[in-house]
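Each chain is listed here by its residues.
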Amino acid sequence: MHAMAQAVSLSEAIAETVHDGDSVALEGFTHLIPFAAGHEVLRQGRRELELIRMTPDLLYDQMIGVGAARKLVFSYGGNPGVGSLHRFRDVVEHGWPHPIELEEHSHAGMANRYVAGASKLPFMVMRGYSGTDLVGQTNVKAVVCPFTGETLTAVPALTPDVSIVHAQEADRDGNVQLWGIPGVQKEAVLAATRSVVTVERIVDQLELRPGGVVIPGWVIDFVALAPGGSQPSYALGVTERDNDFYREWDVISRDRDQFTAWMQANVLGKVAA
Amino acid sequence: MHAMAQAVSLSEAIAETVHDGDSVALEGFTHLIPFAAGHEVLRQGRRELELIRMTPDLLYDQMIGVGAARKLVFSYGGNPGVGSLHRFRDVVEHGWPHPIELEEHSHAGMANRYVAGASKLPFMVMRGYSGTDLVGQTNVKAVVCPFTGETLTAVPALTPDVSIVHAQEADRDGNVQLWGIPGVQKEAVLAATRSVVTVERIVDQLELRPGGVVIPGWVIDFVALAPGGSQPSYALGVTERDNDFYREWDVISRDRDQFTAWMQANVLGKVAA
Amino acid sequence: MSGAGETPAVGYDTGELQTIVAARSLAGKRSCFIGVGRPSTAALLARMVHNPELVLVYESGTIGAKPYRVPLSIGDGELAQTADFVVSVPEMFNYWIGPGQVQVAFLGAAQVDRHANLNSTVIGDYAHPKTRLPGAGGAPEIATGCAEVVVIAPHGKRTFVEQLDFMTTRGDHTTLVITDLGVLEPRGGELTLTTLHPRVTVEQVQEATGWELKIAEQLGTSPEPAEHELSALRELVSR
Amino acid sequence: MSGAGETPAVGYDTGELQTIVAARSLAGKRSCFIGVGRPSTAALLARMVHNPELVLVYESGTIGAKPYRVPLSIGDGELAQTADFVVSVPEMFNYWIGPGQVQVAFLGAAQVDRHANLNSTVIGDYAHPKTRLPGAGGAPEIATGCAEVVVIAPHGKRTFVEQLDFMTTRGDHTTLVITDLGVLEPRGGELTLTTLHPRVTVEQVQEATGWELKIAEQLGTSPEPAEHELSALRELVSR
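The shown structure was predicted, so the numbers you read here are calculated from the model rather than taken from an experiment.

Colleague: What is the right way to look at the overall build of chain A in this model?
Modeller: On a plain count of helices and strands, chain A comes out with eight helices and 15 strands. Computed over C-alpha atoms, the radius of gyration of chain A comes to 18 Å, within 12% of the 19 Å expected from 2.2 N^0.38 for 273 residues, which places it in the range of a compact globule. Taking the principal axes of the C-alpha coordinates as reference, chain A spans close to 55 × 45 × 30 Å. Of all intrachain contacts in chain A linking residues separated by at least 6 positions in sequence, the fraction that spans at least 24 positions is 74%. For chain A, the accessible surface area stands at approximately 8,800 Å², while carbon and sulfur atoms represent 46% of it. Separation between the mean location of the 22 positive side-chain charges and that of the 33 negative ones in chain A comes to 2 Å.

Colleague: Got a minute to help me understand the interface of chain D and chain A in this structure?
Modeller: By a widespread convention, an interface's size corresponds to the accessible area lost as its parts come together. Every contact between the two is made by 37 residues of chain D and, on the other side, 46 residues of chain A. Contact between chain D and chain A buries roughly 3,200 Å² in total, counting both sides, with carbon and sulfur atoms accounting for 63%. Seen at the junction of chain D and chain A, the total is two salt bridges. Residues Arg241 of chain A and Asp76 of chain D are paired through a salt bridge, measuring 3.9 Å at the closest nitrogen-oxygen approach.

Colleague: What exactly am I supposed to notice about the domain arrangement of chain A here?
Modeller: Residues and elements named next belong to chain A. As far as domains go, chain A holds domain 1 (6-113 + 158-262) and domain 2 (123-156). For domain 1 versus domain 2, the distance between C-alpha centres works out to 28 Å. Listed by partner, the interface residues are 10 residues for domain 1 and 10 residues for domain 2. Here domain 1 and domain 2 share an interface that buries about 750 Å² over both sides, 55% of which is from carbon and sulfur atoms. Taken as a group, Glu104, His105 and Asn112 account for 54% of the area that domain 1 buries against domain 2, more than any other trio of residues on that side.

Colleague: What is the right way to look at the nonpolar core in this model?
Modeller: Across soluble globular proteins, nonpolar side chains show a tendency to be buried alongside one another. By size, the foremost hydrophobic cluster in this structure holds 253 residues, and its most contacted members are Trp96 and Phe106 of chain C together with Trp96 and Phe106 of chain D. If we ignore the near neighbours within four places in the chain, the residues touching Trp96 of chain C are Leu190, Pro216, Trp218 and Val219 of chain A together with Ile63, Phe85, Val87, Glu91, Gln101 and Val102 of chain C.

Colleague: Just checking my understanding: could you explain the layout of surface pockets for this structure?
Modeller: Using a probe with the size of a water molecule, rolled over the atoms, empty space left in the structure can be pinpointed. Its boundaries defined by the atoms lining it, the second largest pocket holds a volume of some 1,300 Å³. Taken together, 48 residues line the second largest pocket, and the ones lying closest to its centre are Tyr76 of chain B together with Gly108, Ala109, Ser120 and Pro134 of chain C. Among the elements of the structure, β5 (78-79) and β6 (83-84) of chain B together with α2 (38-49), β5 (104-107), β9 (129-132) and α5 (139-145) of chain C are those that each provide at least two residues to the lining of the second largest pocket. When its residues are assigned to classes, the lining of the second largest pocket shows 22 nonpolar, 20 polar and six charged.

Colleague: Explain the sheet that holds strand β10 (residues 151-156) of chain A to me, please; I cannot follow it from the model alone.
Modeller: Sheet strands associate in pairs through backbone hydrogen bonding, adopting either a parallel or an antiparallel arrangement. Residue and element names in this part refer to chain A. Ordered by their spatial adjacency, three strands build an open sheet running β8-β10-β9, and the pairing between neighbours is antiparallel. Either end of the sheet is taken by a strand with one partner, and the two such strands are β8 (123-126) and β9 (141-144). In this sheet, neighbouring strand axes are inclined to one another by 45 degrees on average, regardless of whether the strands run parallel or antiparallel. As paired elements, β9 and β10 share four bridges and run antiparallel to each other. Bridged to Val143 within β10 is Leu152.

Colleague: I would appreciate a short explanation of helix α4 (residues 86-94) of chain A in the present structure.
Modeller: Residues lying three or four places apart along an α-helix face the same way, a consequence of the helix completing one turn every 3.6 residues. Residues and elements named next belong to chain A. Of all nine residues in α4, seven are buried, a share of seventy percent or more. All buried positions along α4 are accounted for by His86, Arg87, Phe88, Asp90, Val91, Val92 and Glu93. Of the residues one or two after α4, Gly95 is the one with positive phi, at around 65 degrees.

Colleague: I would appreciate a short explanation of the side chain of Ser84 of chain A in the present structure.
Modeller: All names here are of chain A. Relative to the assigned elements, Ser84 resides in strand β6 (residues 83-84). Since its relative accessible area comes to 18%, Ser84 is described here as buried. Here Arg89 takes part through its side chain, which lies 3.2 Å from a polar atom of the side chain of Ser84. Discounting residues that sit within four places of it in the chain, Ser84 has contacts with Asn79, Arg89 and Asp250.

Colleague: It is not clear to me how the interface of chain A and chain C should be interpreted in this structure. Could you clarify?
Modeller: At the interface, 17 residues of chain A touch 16 residues of chain C. Between chain A and chain C the total buried area reaches about 1,400 Å² when both faces are included, carbon and sulfur atoms providing 65% of it. Counting every contact that joins chain A to chain C gives one salt bridge. A salt bridge links Lys186 of chain A to Glu91 of chain C, with the nearest nitrogen and oxygen atoms 2.5 Å apart. There are three residue pairs in polar contact (both at pLDDT 80 or more) connecting chain A and chain C. Of all the secondary-structure elements, those providing two or more residues to the side of chain A that touches chain C are α5 (107-118) and α6 (185-191) of chain A.

Colleague: Got a minute to help me understand the pattern of salt bridges in this structure?
Modeller: A pair can form between side chains of opposite charge whenever their charged atoms are brought close. In total, this model carries 58 salt bridges over all chains according to the counting rule given. For Asp172 of chain D, the salt bridge is made with Arg170 of chain D, and the minimal N-O distance between the two is 2.9 Å. Shared partners join several salt bridges into a network, and the residues in it are Lys71, Glu101, Glu103 and Arg113 of chain A.

About the cut-offs
- Residues numbered from 1 in each chain as written.
- Chains lettered and ligands numbered in written order.
- Predicted model: local features only at pLDDT ≥ 70, side-chain atom pairs only at ≥ 80, totals over all residues.
- Heavy atoms only, no water.
- Helix = DSSP H or I, 4+ residues; strand = E, 2+ residues; numbered from the N terminus.
- Rg over C-alpha atoms; globule rule 2.2 N^0.38 Å.
- Contact = heavy atoms within 4.5 Å.
- Areas by Shrake-Rupley, 256 points an atom, 1.4 Å probe, with all protein chains shown as cover.
- Lys, Arg positive; Asp, Glu negative; His and termini not counted.
- Charge placed at Lys NZ, Arg CZ, Asp CG, Glu CD.
- Buried area = accessible area lost by both parts, 1.4 Å probe.
- Salt bridge = Lys/Arg side-chain N within 4 Å of Asp/Glu carboxyl O.
- Domains from an automatic or database assignment.
- Core = buried A, V, L, I, M, F, W, Y, C linked by side-chain atoms within 4.5 Å.
- Buried < 20%, exposed > 50% of the residue type's maximum accessible area, 1.4 Å probe, protein only.
- 1 Å grid on protein atoms, 1.4 Å probe; cavity = no way out; pocket = protein on both sides within 12 Å on 5 of 7 lines; lining within 4 Å.
- Points joined across faces, edges and corners; volume = space filled by probe spheres on them.
- Nonpolar A, V, L, I, M, F, W, Y, C, P; charged D, E, K, R; others polar.
- Pairing = 2+ DSSP bridges.
- Axes fitted to C-alpha atoms, helices over the stretch in contact; angles between N-to-C directions.
- Polar contact = N/O pair within 3.5 Å; in protein donor to acceptor, adjacent residues only side chain to side chain.

Dropping the structure here:
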């Protein structure tokens, strides 16, 4: 049973929750990607992480590229609408900066793994994987319907040590509301042992919005203020997706040295918010 | 693949979708119970129905009491906050007006059965039933987690021939929005072969509300205008729950003759809306 | 937990006392799952007197409901209107109740056995019952999902039975059984009388229990309702 | 389906033609699942020219999105802002895609085999790939959930291969493969060339296909892009 979420600085929230070797899910499906939190994890020098995320995106390209990951659990490793994630490709194709383990799923599989985790069930049942080469490269099993005899696919629960998500706002009790594309953020928080939510702003009272998803403070460990904390992704109604940067990343990330210099100048060498 | 929902009269919607012997789910968890639609089913003289509903409530007390049911699939057969459903008790205890079959579940079981139906999966996995006497009186089976070896409970999908729900509003294309307590209405509609949604009003365009649940017209067969159609239940923001009537029902329904007279005067003898 | 050092009330009835004792059990708790009737009244009283931050959860889907009046049903409009947020019934059971996100559950029952197992299905044989009760509802999964289960029931031999007619709900997580005569707690896997309400005797409780009841060596007495507890309760039910 | 009797356009490129042919395939359809790039452009064009009621579904959770511009990502803000409603990713896959509530899916791929199976995972060996591609994403379950799957891919031997390096997505539900040279359809379980784009020869298509391609006896020709199709497409991409 959690106590009410504590509102702390981002650096404190990360220091309290993320340790070397942890399994860490930073979620946000295109929208509300917690870049600021991920960058803080890197600034604090965390290593050997099992990074979990449906769509690794630029953030995990950065985290993998600086060598923070031991393993990647994912379902789509691309730069949406642009092309490759070059650091992801480099680690898989050439083992740079060091080889990592891959555990690869489909989106439906990852989503249901979070559902199982949020439900505290060991697995969820779905149709999928069968007849594809993914079966041999992942972590799913067959399960037979006890009513119809149909063979379906069982996906194991995801229960990250830490889940980190970004939202538009929290109230002073740490209750969080996000709106727009909600992704799997609620499930990620509920499935995790520890959780951090970064927010654009703190408000006196949440006013429920159309499409608003509330995550109550009593299932969150830490809430940290991080205005603009999902840029170059975005927080609907607060910031805009920086599509130009997504395109620029294709250039920055292509070259190891340029990537390393960019990370030093823009992430690692910066002071925590 | 459904065509877009057709807006028709309630009597036409029921005539087109509900036939003798059908399995029919009229859902609405305390809120938005589709009384007008259920009454129309009775006025059209439907019999031998398999009535499915988490909380039979007054509506199913009425439908069972006039002899429309062959079977009841349910998880809580009480008059909420008042006490017994006397017609339900009478049919179970004394077989009046004729014996019916019972299939009894827990709320969690019924909810997951609708989830399975909406997902077009043959079953869902959950924890529950085991160690209780319900196991011997219902339709669940054991399933073993292929990852952990834990034995869990499998509940079979609910796939009603017809699902009927009530909502606050629809637009002219038959897209529906409901808000307040959403229950299992979306799942019931998605799980069914045919579906009817009755609404308080038709609007030019849906304006999304906080907590609003949208059911698009392309998964609904018929939308019918039925203002006040969930009374004595209610439609949040439009009508109020008639708690006094829930108490009065305890008196009306206690006696077979009084019940029959009341139904004749207030339901069966009335003209369709 | 309350009552001590307060002005004791006079002239209350045993139902009021039971509600007040149940409300006290929610001091310091984060969240409570409640049904209708006395459990709902007790939880609302707890928010008034002991624990204004208590999160009330109803199985209808309302989380953080703050009703002014005791609701007749678990789905009254006021619950949705005052909730922190509202979820679907599948989400309620799968994400909130099953995984134990709600700390305490208040449950009632028609029959309770010595292991705090509950019957809310039938009196008599299932196929040919003497009395058909409403059935399981959310109780079985609430009772295994919530870490602490508090049973609230009237103390009598029809309720506290040697053998349930039907086992609807398992008692594994039950921490307290609060009756109108006293409080039972599981000790060594069996319900044991640990507290008597004022002016109730052990013999009275044994007489109202359908099995040979275990009695705790250190038997406590519930503090008298304080004047402010009783007046808050009466004000609440008069709303 | 379109083009006939219209003023034919001149001076278009093969990519534009491919997009226009893909857009035509959505006439009369209820709903379409789309990713980014050409499929997204084609579906938006379909809404402009052939089917203003077409419901666009993106795996990000936006149902009934009506973007004015071709979105860069499947999660651009405009998609959520213009959607009829937005659902979580688990709901998208479990309630909408898996059960077949979305009629048509547009998919792309790095490799396509003669059974319309797709590879979007790796070129080369999985453990030591020559090129690591993004991976499955939503494709496998979209391809088996939607009743009709339309594959949109550039026609060349690197794409249309005898043997996939990795089978990411099954082709069972594929109804059309639209390339920049023509249209393939499954006939007797194998992709068969049924339509050539204007001025393309069978030999050209065979040369660009990595297996001995079946050719339909009745080989059609795609109607030339109509002026209004091409101008709508160019206006759309210029936004």
